[in-house]
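Overview (structure and organization)
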Amino acid sequence: MGASVRLLRAVLMGPPGSGKRTVALRITKGFQLKTFSSGDLLRDNLLRDTEIGVLAKVFMEQGKLIPDDIMTRLTLHQLKTFTQESWLLCGFPRTLPQAEALERAYQIHLVMSLNVPSEVIKQRLSARWIHPSSGRVYNLEFNPPKAIGLDDLTGEPLVQREDDRPETLNQRLKAYEDQTKPVLEYYREKGVLETFSGTKTDQIWPCVRAFLQTKVPQIDQKASVTP
């Protein structure tokens, strides 16, 4: 079988707060897939106050999705570094134009969508706090910091992301509903969409893992442990 057949091009989708990051990390640990997060790339630009980062911050503070041309340029540029590996793209595409631009560059073989109720997401994100410089994420309900309001490793103050605040979050969820549902339909028509529903990541993950076991090689955990 040729390299072009072995290389899997996959996408992980879901509304903000649906657990995409956690699921992507578990996939990376268990399967031979390189995970690439457009959100991480965007946050890096925000922290470095790049031109794109400054522009993106305006949209995020208003609860709006980042314009298609910005996210597409960022994402496709980064994907060029993953030429010889299977990859999982997390958080992109979010709109139909982004999906079409991605399809022109790569054939997408698999799209996994996380379906989590909006009320669960609102409750989850209201308890989420982050360490800005590292991106470490805490949740007051199930992953609290050792000291309230402080990062475990540095002791620096934690902050709540502007787009996790209730008024902004409502706008983000509405934007996702309006702009991303056509993307799901786009991939459903292509026959590559698989949806996983639940209220907790630990409930969804076993289904994702079982499904991926039929699609991509797993990492040999014993072989990966250094004596």
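Residues numbered from 1 in each chain as written. Predicted model: local features only at pLDDT ≥ 70, side-chain atom pairs only at ≥ 80, totals over all residues. Heavy atoms only, no water.

**Things to note about the pattern of salt bridges**
Evaluated as defined, the whole model comprises 10 salt bridges. Taking the shortest distance from any N to any O, the salt bridge between Asp-40 and Arg-43 comes out at 2.8 Å. Taken together, the residues span about one helical turn, with Asp-40 and Arg-43 both in helix 3 (residues 38-47) at a distance of three residues. Where Lys-181 meets Glu-177, a salt bridge forms, and the shortest distance between an N and an O atom there is 3.1 Å. Residue Lys-181 and its partner Glu-177 are both found in helix 8 (residues 166-190); the two are separated by four residues, about one turn of the helix. Judged by its relative accessible area of 41%, Glu-177 falls in the partly exposed class. Among the ionic contacts, a cluster of salt bridges with common partners joins Arg-21, Asp-40 and Arg-43. (Salt bridge = Lys/Arg side-chain N within 4 Å of Asp/Glu carboxyl O. Helix = DSSP H or I, 4+ residues; strand = E, 2+ residues; numbered from the N terminus. Buried < 20%, exposed > 50% of the residue type's maximum accessible area, 1.4 Å probe, protein only.)

**Notes on the UniProt feature "binding site: GTP" (unreviewed entry) in the protein**
On the UniProt side, "binding site: GTP" (unreviewed entry) is annotated at positions that read Arg-128, Val-137, Tyr-138 and Thr-201 here. Here Val-137 lies in strand 6 (residues 137-139). Judged by relative accessible area, which is 33%, Val-137 ranks as partly exposed. With respect to the helices, strands and loops of the structure, Thr-201 is situated in helix 9 (residues 201-212). (UniProt positions renumbered as here; feature names shortened; annotations may be inferred.)

**Regarding the packing of helix 6 (residues 96-105) against helix 8**
Between two packed helices, both the angle of their axes relative to each other and the distance between the axes serve to describe the pair. Between helix 6 and helix 8, the least distance of the axes is 8 Å, while the angle of their chain directions is 40°. Comparing their axes, helix 8 and helix 6 come out oblique. Judged by residue contacts, Leu-96, Ala-99, Glu-100, Leu-102 and Glu-103 of helix 6 engage Gln-179, Pro-182, Val-183, Tyr-186, Tyr-187 and Lys-190 from helix 8. Its residues assigned to classes, the contact of helix 6 with helix 8 shows seven nonpolar, one polar and three charged. (Axes fitted to C-alpha atoms, helices over the stretch in contact; angles between N-to-C directions. Parallel < 35°, antiparallel > 145°, perpendicular 65-115°, else oblique. Contact = heavy atoms within 4.5 Å. Nonpolar A, V, L, I, M, F, W, Y, C, P; charged D, E, K, R; others polar.)

**A few points about the packing of helix 2 (residues 20-30) against helix 9**
Axis separation between helix 2 and helix 9 bottoms out at 11 Å; the angle between their running directions is 40°. Looking at the two axes, helix 2 sits oblique to helix 9. Crossing of helix 2 over helix 9 shows right-handed handedness. Within the contact between the two elements, helix 2 uses Thr-22, Val-23, Arg-26 and Ile-27 and helix 9 uses Thr-201, Asp-202, Trp-205, Val-208 and Leu-212. Taken together, the residues that form the contact of helix 2 with helix 9 break down as five nonpolar, two polar and two charged. (Left-handed = near helix turned anticlockwise from the far one by under 90°.)

**Thoughts on the environment of Ile-27**
Following the sequence through the fold, Ile-27 ends up in helix 2. Judged by relative accessible area, Ile-27 falls into the buried class, the value being 0%. Note: C-alpha distance between Ile-27 and Asp-49 (22 residues apart in sequence) is 31 Å. Other than its neighbours up to four places away in sequence, Ile-27 contacts Leu-33, Leu-88, Met-112, Trp-205, Val-208 and Leu-212.

**Regarding the state of the cysteines**
Tallied over the entire structure, the rule returns zero disulfides. The structure places no disulfide on Cys-90, whose sulfur is separated from the nearest cysteine sulfur, that of Cys-207, by 18 Å. Since its relative accessible area comes to 6%, Cys-90 is described here as buried. Residue classification places Cys-207 among the partly exposed residues on the basis of a relative accessible area of 46%. (Disulfide = S-S within 2.5 Å.)

**Some remarks on the nonpolar core**
Formed by 29 residues in total, the largest nonpolar core has its most connected members in Met-13, Leu-79, Leu-89, Leu-102, Ile-108, Val-111 and Tyr-187. Breaking this core down by element, the ones donating at least two residues are strand 1 (9-13), helix 3, helix 4 (51-61), helix 5 (68-79), strand 3 (87-90), helix 6 and helix 8. In terms of residue count, helix 8 provides more of this core than any other element does, five residues in total. In this structure Tyr-187 touches Met-13, Pro-93, Ala-99, Leu-102, Glu-103, Ile-108, Val-111, Val-192 and Leu-193, once residues within four positions along its chain are discounted. (Core = buried A, V, L, I, M, F, W, Y, C linked by side-chain atoms within 4.5 Å.)

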